[in-house]
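Coordinates in review
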Amino acid sequence: MTSANGEYPRVIRVLVADDQEAVRRSVRRILDAQPDIEVVGEAVDGVAALELAAELRPDVALVDIRMPRLDGLEVTRRLSGSVRVVVLTTFDLDEYVYPALRHGASGFLLKRSGPALLAEAVRAAADGESLISPSVTVRLLQHVTAPRRPARPAGAGVAVPLTEREVEIAGHVAAGRTNADIAAQLFISAGTVKTHVASIQRKLGVSNRVGIAVHAWEAGYPVPR
C-alpha cells in the first residue's frame, strides 16, 4: 500500500529462516529490492529463528518447513502469537503444510514462487491477511485437506453456526478471492465483506483467511471456480 504521494508509509521488517544459504540469499535479494520491505535477519535453523525473532522482533518471518534442530512447524507454533509467519515449502504435496496452517501460519508459498508473489505474501501477512493465491494456495489446500464431503448444513460442527451468507463468503475466501473480488461478485460493499470475514474468523476460532479456507474445504462448502 502506498500513500497519496506514492511513498510507502512503513517498512516491513522480515526474518528469513532456511538452512539453505542459496535460498536465504535469493529471498533477501528479492525482498530488499522492495521499497517497503527490509530483511533484518537470517536464521540457519529453527532454534536460531526463535532466538533472532526474540532479539529482532520482525513483523514477518519466512520459515522453511524443514530445518535442523527445530522444524518449521514448531517454529510456526511458537512464533504465531507474536510474529506473522509465512511458511515456505519445496513440494506441492507436503504433509507439514496443513499442520502449519493449524498452528497459525499466515500463509505459505512454494519456494519456486516468483518475486512478486513473495513480496505480496509478506505484505499480506504484515497487514494481518493471508496470501491465498488461486494458482498456489488453493491448489495446495485441495491436496492437504481431507477429501471434500457433501456440503453440511451452514456452520455444522461450529460452536456458533455460520449464516448462509457467511458460508457463501467462506467459499469465496477458499477460492482465493479478495474482499474487493467478493464484494463485486455478491454486489455488496467491501466493508460488508470485511465484517463478514471477521465474524467468520471469530466463529471458527481461526486467526486468518487461511484458516477460513481450510475449514471451507474440509466442510465441503461450495467453492467457486
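Our subject is the structure listed above.
Residues numbered from 1 in each chain as written. Predicted model: local features only at pLDDT ≥ 70, side-chain atom pairs only at ≥ 80, totals over all residues. Heavy atoms only, no water.

A count of helical and extended segments in the protein gives 10 helices and 5 strands. Classification of the 225 residues of the protein by burial places 51% in the buried group. (Helix = DSSP H or I, 4+ residues; strand = E, 2+ residues; numbered from the N terminus. Buried < 20%, exposed > 50% of the residue type's maximum accessible area, 1.4 Å probe, protein only.)

By secondary structure assignment, the location of glutamate 166 is in helix α7 (residues 164–174). Residue glutamate 166 is classed as buried on the basis of its relative accessible area of 4%. Setting aside chain neighbours within four positions, we find glutamate 166 in contact with Pro161, His196, Ser199, Ile200 and Lys203. (Contact = heavy atoms within 4.5 Å.)

Across soluble globular proteins, you tend to see nonpolar side chains buried next to one another. The biggest cluster of nonpolar side chains holds 25 residues, and the ones touching the most others in it are Ala43, Ala61, Val63, Val75, Leu79, Val87 and Leu101. Looking at this core, the elements with two or more residues in it are β1 (12–17), α2 (46–56), β3 (60–64), α3 (72–79), β4 (84–89), α4 (97–102) and α10 (209–219). Counting residues in hydrophobic clusters, the runner-up holds 22 residues, among them Val173, Val206, Ala216 and Trp217. (Core = buried A, V, L, I, M, F, W, Y, C linked by side-chain atoms within 4.5 Å.)

If you walk across this open sheet you meet the 5 strands as β2-β1-β3-β4-β5, and the pairing is parallel. Strands at the two margins of the open sheet, each flanked by one partner only, are β2 (37–43) and β5 (107–110). Each strand axis lies, on average, 25° off the axis of its neighbour in the sheet, ignoring direction. As judged from the 5 bridges shared by β3 and β4, these two strands associate in the parallel manner. Looking at β4, one finds that valine 60 is bridged to arginine 84. In this fold α3 packs onto β3 and β4, with an angle of close to 160° to the strand it touches most, β3. Sitting on the sheet, helix α5 (residues 115–126) touches β1, β2, β3, β4 and β5, and the angle it makes with β3 is about 130°. (Pairing = 2+ DSSP bridges. Axes fitted to C-alpha atoms, helices over the stretch in contact; angles between N-to-C directions.)

Running from N to C, α7 and helix α8 (residues 179–186) cross one another at 130°; their axes reach a closest spacing of 10 Å. Judged by the inter-axis angle, α7 sits oblique to α8. As for the relative orientation of α7 and α8, their crossing is right-handed in sense. For the pair formed by α7 and α8, the contact residues are Arg165, Glu168, Ile169, His172 and Val173 on the first element and Ile182, Gln185 and Leu186 on the second. Here the contact of α7 with α8 is built from residues that sort into 4 nonpolar, 2 polar and 2 charged. (Parallel < 35°, antiparallel > 145°, perpendicular 65-115°, else oblique. Left-handed = near helix turned anticlockwise from the far one by under 90°. Nonpolar A, V, L, I, M, F, W, Y, C, P; charged D, E, K, R; others polar.)

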